[in-house]
Amino acid sequence: MFYWGNEGFLISIYLYLNLYLNPNQIKMKKLILSAIAIMAFAFSNAQETRFGIKGGLNLTNFTGDVDTNIKAGFHVGGFAEIKIIENLAIQPELLFSTQGARYNMIGGNQSGSYKLDYINVPVLAKFYVTKQFTVEAGPQIGFLVSAKNEDRDIKDAYKTADYGFNFGAGYNFTDNF
């Protein structure tokens, strides 16, 4: 992940993990509402806020009855980093994300790919291990924009919302870029 903000340039290793969670197993609505409450608290008590743009690599796949392989994609968008205390910040983001999977038909020689586009809204807790090195994690909700299998529109076959969890690490090289 590379991003630039008004405070500097950050290059980080960003592991994008999108888990398809069963809503019966995890009360995602409560988690999202808790994240919104934390954000509201953060905005009211923020010591320092910075804004920026970011982009990165997505490696996504499907699980279930279909045999699929990882598909590379990208995400791009903006963020606001809201410092809560010296070593902790909340980072809400708004991202356009390309996701999907590649497939090979079992018993045949047909192959193709599923291409899904989302507007993702992650809310990350960002912990500063040192002044430059950070680790971050948090929930995400994604809203399906389009879904295609080759050139066929298959959006109606998917749920309109996707829940996930992100984690990553970053290193801030300079504060003056």
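As a convention, each chain's residues are numbered from 1 in the sequence order in which they are written. For a predicted model such as this one, the threshold for reporting local features is a pLDDT of at least 70, and the threshold for listing and counting side-chain atom pairs is 80 or more; totals across whole chains, interfaces and linings nevertheless cover every residue. Computation of side-chain values covers all heavy atoms of the structure but excludes hydrogens and water.

*Asks:* In this structure, what is going on with the overall build of the chain? I would like to understand it.
*Replies:* Runs of E in the DSSP output that reach at least two residues are strands. Runs of H or I that reach at least four are helices, and both are numbered from the N terminus. Along the chain, the regular secondary structure elements total one helix and eleven strands. Put simply, the chain runs from its N terminus to its C terminus through helices and strands in the order β-β-β-α-β-β-β-β-β-β-β-β. The buried share among the 177 residues of the chain stands at 42%. Look at the contacts in the chain between residues 6 or more apart in sequence, and 64% of them connect residues 24 or more apart. Roughly 10200 Å² of accessible area belongs to the chain as shown, and the carbon and sulfur atoms make up 62% of that amount. Exposed residues in this analysis have more than 50% of their type's maximum accessible area, buried residues have under 20%, and partly exposed residues fall in between, with area computed by a 1.4 Å probe over protein chains only. Two residues qualify as a contact provided that any one of their heavy atoms is within 4.5 Å of a heavy atom in the partner residue. Shrake-Rupley sampling with a 1.4 Å probe provides the accessible areas, and residues are treated as covered by the protein chains on show and by no other component.

*Asks:* In this structure, what is going on with the packing of aromatic side chains? I would like to understand it.
*Replies:* Only rings of Phe, Tyr and Trp enter the pairing, Trp through its six-membered ring, and a pair is recorded when the two centres are within 6.5 Å. The plane angle decides the type: under 30 degrees is stacked, over 60 is edge-to-face, the rest tilted. A complete count under the given rule lists four aromatic pairs for this structure. Between F62 and Y158, the ring centres sit 6.3 Å apart and the planes meet at 45°, which makes this aromatic pair tilted. A residue pair is termed long-range when its members are at least 10 positions apart, and F62 in the loop between β4 (48-60) and β5 (68-69) and Y158 in the loop between β10 (152-153) and β11 (161-174) qualify at 96 residues. Taking relative accessible area as the criterion, F62 reaches 17% and is therefore assigned buried. Ring plane angle 50° and centroid distance 6.2 Å describe the contact between F74 and F96, whose orientation is recorded as tilted.

*Asks:* Just to check I follow, could you spell out empty space enclosed by the protein for this structure?
*Replies:* It is a probe the size of a water molecule, rolled over the atoms, that shows where empty space is left. A 1.4 Å probe that fits into a set of points on a 1 Å grid over the protein atoms alone but cannot get out defines a cavity; an open set with protein on both sides within 12 Å along at least five of seven lines defines a pocket, and lining residues are those with an atom within 4 Å of a point. Grid points are joined across faces, edges and corners, and a volume is the space filled by probe spheres set on the points. Enumeration according to the criterion identifies one cavity of 30 Å³ or more in this entry. Computed from the structure, the largest cavity encloses a volume of approximately 30 Å³. Every residue lining the largest cavity is listed: E48, T49, R50, E81 and K83. If you list the elements that add at least two residues to the lining of the largest cavity, you get β4 and β6 (71-85). With three residues, the top contributor of residues to the lining of the largest cavity is β4. A class-by-class count of the residues in the lining of the largest cavity yields no nonpolar, one polar and four charged. Classification used: nonpolar for Ala, Val, Leu, Ile, Met, Phe, Trp, Tyr, Cys and Pro, charged for Asp, Glu, Lys and Arg, polar for all others including Gly.

*Asks:* Please clarify how the environment of G78 should be interpreted in this entry.
*Replies:* Mapped onto the elements, G78 comes out in strand β6. The class of G78 is partly exposed, set by a relative accessible area of 23%. Contacts of G78, omitting those with residues within four sequence positions, involve G52, I53, E93, L94 and L95.

*Asks:* What is the right way to read the environment of G138 from this model?
*Replies:* Checked against the element boundaries, G138 lands in strand β9 (residues 133-149). If near-sequence neighbours (up to four positions away) are discounted, G138 is found in contact with V123, L124, G164, F165 and N166.

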